[in-house]
Amino acid sequence: MANVHGDATLIATVAVGFVLAFAFGYLADRLHLPPLVGYLVAGIFAGPFTPGIVADGALASQLAEMGVILLMFGVGLHFSASDLLAVRGVAIPGAIGQIVLATLLGVGLCWLWGWSLGAGIVVGLSLSVASTVVLLKALEERNLVDSPNGRVAVGWLIVEDLVMVLALVLLPAFAELLGSHPAAEGAAHQAVSGGQPIVLALVMTLGKVAAFAALAIFLGPKVVPWILTQVARTGSRELFTLCVLALALGIAYGSAEVFGVSFALGAFFAGVVLSESHLSKRAAAGSLPLQDAFSVLFFVSVGMLFDPSIIVRQPGEVFSVLALIVVGKSLIAFAIVLLLRYPIGMGLTVAASLAQIGEFSFILVGLGMSHGLIPPDGRDFVLAGALLSITLNPLVFFMTAELQKRVRAMWPAAYAAYGRAHHETLVRDLDKVKARRKARERARQLKVQELLKTFPLLSLIDEHDQEELLLLFRPKAASPGERVIRIGERGDGVYFIASGAVEVHVNGQAIRLEAGSFFGEMALLSGSRRTADVTAVDFCQFLVLERRDFNQFMARHPALRASVDEMANRRREMNLTHARSKAKGS
């Protein structure tokens, strides 16, 4: 058994994790299983319970924490309050009801094993929440992400994620009451006994979370998008990606240090704040590679903790956990959807979506272990349930699809009529959300189109760069008769005339420029002072590209630079020709 230790422990751990994850992830994909199964198996092979290479578990767990931060950042980045409000009638009561009932089943299961109430609550909560990563992958493969059923399933899981974030915050405060071992809690918690200290600790914890949430909700949307916009104006893609990661990790770490909340909660709020920015798609695209990489390491590190012999040693407990996940949760979700008077097809889709557990289950069970609430076997049962349920999830989706076809064929009238009114209302609400989103996107596209219509020269650059240019432009206005630039001034930028007209006074002549023209480029290209006075003759609106932004943007777009150079040379020749004619005339 070879241990991965020594001077290059970090490199070796990352290398072993990525190589094994790739190999088993690819094999899982070839077997038509989610790659997540392969990542967990890779962790098992790299763990201490199997022969061969043993990676550094402590280091892997720290890398896994990075994966948790980036996973929760991604959840927050894709969180949409409007989407959730549209499906609130089924997602909120459904998710909360399903969590409560599934947790009670987990408590009952642990009671049969002779475990404590605290262990039952932790295990029950761990088994009640499904993996958002697995769900999105399953919906994408079936083109259901944008369907009403898919939107309900995603909204349902978002509510589950929010409840689990709250559980991560509350569990440490209630750990002593639930029967945690003092040695696991540490010296800070040994003095906590009786009802009052626990209540005080709970109030302090909730107060810190509320303070952090208020700061994130009210200050975050003002500060974070402004920072992103300033960085986007630099035109540096790597600097923008670095900014996104710095915000995600910085807010997560800062929230843990200052407010005492979890890394997961801090990262989630960082993503939520960024999701409201018009740069959120670009932020998501920039952070996705690292998010994917570290989330893989997270699942590998979870697999390293799993002892596969548990399946042989205690098969009854493992399969009872699997039955609770695949059968119990699915039946609960299906029944809740029907009781809320929504269609049968939606109930079956949600049931299949919830027939697995994932990332939050691992985080919760790890937290329970750290507080001494559950024995090591509890972690292994949850990990075994996750591995098996994720593996079986494609089969569950296939079976629910077949069941849906049979129900529709046997009772077509009842199938079509049941839940129709609620479904139609839901579709209307989702269509309104989609229409608002499209309207915002259309408004942005119209701004770009208007820019191109006014300045055809900018058609030389692609759509992404046109949107970047919109960020770089600084608006400026001028009244009739106002001097915009003066002879002898240092060139501060190029002025694009969006509306109105100006007169350029050079060599005794006045040249009128209308909307769609630009001026001020000659001083920037030559590095000299201004050689003309420019005065507004109408109420003018300018888009100013400042010197630094102009130089950087033109350096990245040689075709546009060549066109501007050509225009500047023509103007220079015209000025010289006019100056010579004037000299001859005098």
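Residues numbered from 1 in each chain as written. Predicted model: local features only at pLDDT ≥ 70, side-chain atom pairs only at ≥ 80, totals over all residues. Heavy atoms only, no water.

Thoughts on the pairing of strand E6 (residues 501–506)
Inspection of the sheet shows E6 paired to strand E7 (residues 509–514) by six bridges, in the antiparallel sense. Bridging from a neighbouring strand, Ala 501 pairs with Glu 514 of E7. Remark: two residues form the turn of the hairpin made by E6 and E7, two consecutive strands paired antiparallel; Asn 507 in that turn has positive phi of roughly 50°. Across four bridges, the pairing between E6 and strand E9 (residues 533–536) is antiparallel. Directly across from Val 504, in E9, lies its bridge partner Val 534. (Pairing = 2+ DSSP bridges. Helix = DSSP H or I, 4+ residues; strand = E, 2+ residues; numbered from the N terminus.)

Brief notes about the confidence of the model for the protein chain
Averaged over the protein chain, the pLDDT score is 81; the fraction of residues at 70 or greater is 90%. Mean pLDDT across the elements of the protein chain ranges from a minimum in helix H10 (residues 187–190), with 39, to a maximum in helix H16 (residues 315–339), with 94. (pLDDT = per-residue confidence, 0-100.)

Remarks on the packing of aromatic side chains
Considering all chains together, one arrives at 11 aromatic pairs under this definition. Ring geometry for Phe 496 and Phe 518: centres 5.5 Å apart, planes at 35°, overall tilted. Remark: Phe 518 occurs in strand E8 (residues 518–519) and Phe 496 occurs in strand E5 (residues 493–499); sequence separation between them is 22 residues. Each of the two residues, Phe 496 as well as Phe 518, counts as buried. Judged by centre distance (5.8 Å) and plane angle (85°), the ring pair of Phe 519 and Phe 542 falls under edge-to-face. With a gap of 23 residues between them, Phe 519 in strand E8 and Phe 542 in strand E10 (residues 540–546) connect regions that are remote in the sequence. Classification of Phe 519 as buried rests on a relative accessible area of 3%. Judged by relative accessible area, Phe 542 falls into the buried class, the value being 1%. Among the aromatic residues, ring-to-ring pairing joins Phe 455, Phe 473, Phe 496 and Phe 518 into one connected group. (Phe/Tyr/Trp six-rings, centres within 6.5 Å; stacked < 30°, edge-to-face > 60°. Buried < 20%, exposed > 50% of the residue type's maximum accessible area, 1.4 Å probe, protein only.)

Here's the deal with H16
Compared with an ideal rise of 1.5 Å per residue, which puts 25 residues at 36 Å, H16 spans 35 Å between its outermost C-alpha atoms and is within 8% of the ideal. Along H16, the largest kink reaches about 35° and is centred on Leu 324. Arg 341 sits one or two positions beyond H16 and adopts a positive phi of about 65°. (Expected span 1.5 Å × (residues − 1). Bend = angle between axes of the 7 residues up to and from the residue.)

Some points on helix H21 (residues 420–454)
Here H21 contains 35 residues, and its C-alpha end-to-end distance of 49 Å stays within 8% of the 51 Å for a straight helix at 1.5 Å per residue. Every buried residue of H21 is accounted for by Leu 426, Leu 430, Val 433, Arg 444, Val 448, Leu 451 and Thr 454.

Here's the deal with the pattern of salt bridges
Taken as a whole and judged by the stated rule, the model has 11 salt bridges. As a salt-bridge pair, Asp 538 and Arg 512 come within 3.7 Å of each other at their nearest N and O atoms. Placement of the pair is Asp 538 in the loop between E9 and E10 and Arg 512 in strand E7, with a sequence separation of 26 residues. When its relative accessible area of 44% is taken as the criterion, Arg 512 is described as partly exposed. In this structure, Glu 566 engages Arg 570 in a salt bridge whose closest nitrogen and oxygen atoms are separated by 3.2 Å. Of this pair, Glu 566 and Arg 570 both sit in helix H25 (residues 558–585), four residues apart, which is roughly one turn of that helix. The exposure class assigned to Glu 566 is partly exposed, which follows from its relative accessible area of 46%. (Salt bridge = Lys/Arg side-chain N within 4 Å of Asp/Glu carboxyl O.)

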